[in-house]
Amino acid sequence: MRENVIDWSKGDGLRCYWRLFRWRERCPVKLVKDILTFFLNRMAHRHGGYIGNGAQFDGTPILPHGLHGIYISRYAHVGAGCWVYQNVTIGEVDRAAPQIGDHCLIGAGAVIVGAIQIGSDVKIGAGAVVCTDIPSNATVVAQPPRIIVRGTGHG
């Protein structure tokens, strides 16, 4: 009961989303799958997110900020117990997307693209761009920002 009230209060409807997502995975009737895909896409779009039809999840991902700005390719595979923060892209290149291990944390604004393998227990920092394989138990951080100081004088 408590989880339902919290889900309703946040306005995400994620419990309903994942229930429909799992139903679509098990459904043998193509027309029903298409209807479920329509509703899932609308629910995700309402929050500026997208989870492609065909994306695989070994468990229900933990989305602390809901689907806000999250894009997950239809070719992606996300392991169990993964945390995905807002504005994350798990994208494809030539119909190949990342395969992400269990218990990973993907920070806000991170971009993970291509036919790459992300090991288990990996932490990807906010704003990091990942396009190469990452071994298990690794941490990926974004480049430090470049600071350009302009002169204050005129001439």
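Just so it is clear, the structure is predicted and the values come from calculations on it, not from any experiment. (Residues numbered from 1 in each chain as written. Predicted model: local features only at pLDDT ≥ 70, side-chain atom pairs only at ≥ 80, totals over all residues. Heavy atoms only, no water.)

Draft legend 1. Focus on a nonpolar patch on the surface. A cluster of nonpolar residues, V29, L31, I35, F38 and F39, forms a patch on the protein surface that exposes about 500 Å² of accessible area. For F39, the position within the fold is in helix α3 (residues 30-46). (Patch = residues over 30% accessible without salt bridge, like charges linked within 9 Å, V, L, I, M, F, W, Y side chains within 5 Å. Areas by Shrake-Rupley, 256 points an atom, 1.4 Å probe, with all protein chains shown as cover. Salt bridge = Lys/Arg side-chain N within 4 Å of Asp/Glu carboxyl O. Helix = DSSP H or I, 4+ residues; strand = E, 2+ residues; numbered from the N terminus.)

Draft legend 2. Up close: the sheet that holds strand β6 (residues 89-91). Here five strands make up an open sheet; going across it, the order is β1-β3-β6-β9-β12 and the pairing parallel. Strands at the two margins of the open sheet, each flanked by one partner only, are β1 (50-51) and β12 (129-130). Where β1 lies against strand β3 (residues 71-72), two bridges are found, and the strand directions are parallel. Note that in β3 the partner of Y50 across the bridge is Y71. (Pairing = 2+ DSSP bridges.)

Draft legend 3. Examining the sheet that holds strand β8 (residues 105-106) more closely. Across the sheet, which stays open at both edges, the four strands sit in the order β5-β8-β11-β13 with parallel pairing between neighbours. Each edge of the open sheet is held by one strand with a lone partner, namely β5 (83-84) and β13 (139-140). Pairing of β5 with β8, which is carried by two bridges, proceeds in the parallel orientation. Among the inter-strand pairings, V84 is bridged to a residue of β8, identified as I106.

Draft legend 4. Seen up close, the packing of aromatic side chains. In this structure the tally under the stated criterion is eight aromatic pairs. A centroid spacing of 5.4 Å and a plane angle of 75° characterise the contact between F38 and F39, whose relative ring orientation is edge-to-face. Judged by its relative accessible area of 44%, F39 is partly exposed. Measuring from ring centre to ring centre gives 5.2 Å for Y50 and Y71, while their planes differ by 20°; the resulting arrangement is stacked. Taken as a pair, Y50 in strand β1 and Y71 in strand β3 lie far apart in primary sequence, 21 residues in all. Note on Y50: relative accessible area 32%, which makes it partly exposed. Put simply, the rings of Y17, W18, F21 and F57 touch in pairs and so form one group of aromatic residues. (Phe/Tyr/Trp six-rings, centres within 6.5 Å; stacked < 30°, edge-to-face > 60°. Buried < 20%, exposed > 50% of the residue type's maximum accessible area, 1.4 Å probe, protein only.)

Draft legend 5. View of the packing of helix α2 (residues 14-26) against α3. Between α2 and α3, whose axes approach to 10 Å, the crossing angle comes to 155°. Regarding the angle of α2 to α3, the classification is roughly antiparallel. Seen from above, α2 lies across α3 with left-handed handedness. Between α2 and α3, the contacting residues are C16, Y17, L20, F21, W23, R24 and E25 on the first element and K33, L36, T37, L40, M43 and A44 on the second. The class makeup of the residues in the contact of α2 with α3 is nine nonpolar, one polar and three charged. (Axes fitted to C-alpha atoms, helices over the stretch in contact; angles between N-to-C directions. Parallel < 35°, antiparallel > 145°, perpendicular 65-115°, else oblique. Left-handed = near helix turned anticlockwise from the far one by under 90°. Contact = heavy atoms within 4.5 Å. Nonpolar A, V, L, I, M, F, W, Y, C, P; charged D, E, K, R; others polar.)

Draft legend 6. Molecular detail of the nonpolar core. Y17, I51, I100, I106, I118 and I124 are the most contacted members of the largest nonpolar core, which has 37 residues in total. Of all the secondary structure elements, the ones that give two or more residues to this core are α2 and α3. In terms of residues, this core owes the most to one element, α2, which gives five residues. If sequence neighbours within four positions are ignored, I106 has contacts with W83, V84, Y85, V88, I90, I100, I112 and I124. (Core = buried A, V, L, I, M, F, W, Y, C linked by side-chain atoms within 4.5 Å.)

Nothing here speaks to function; it is geometry throughout.
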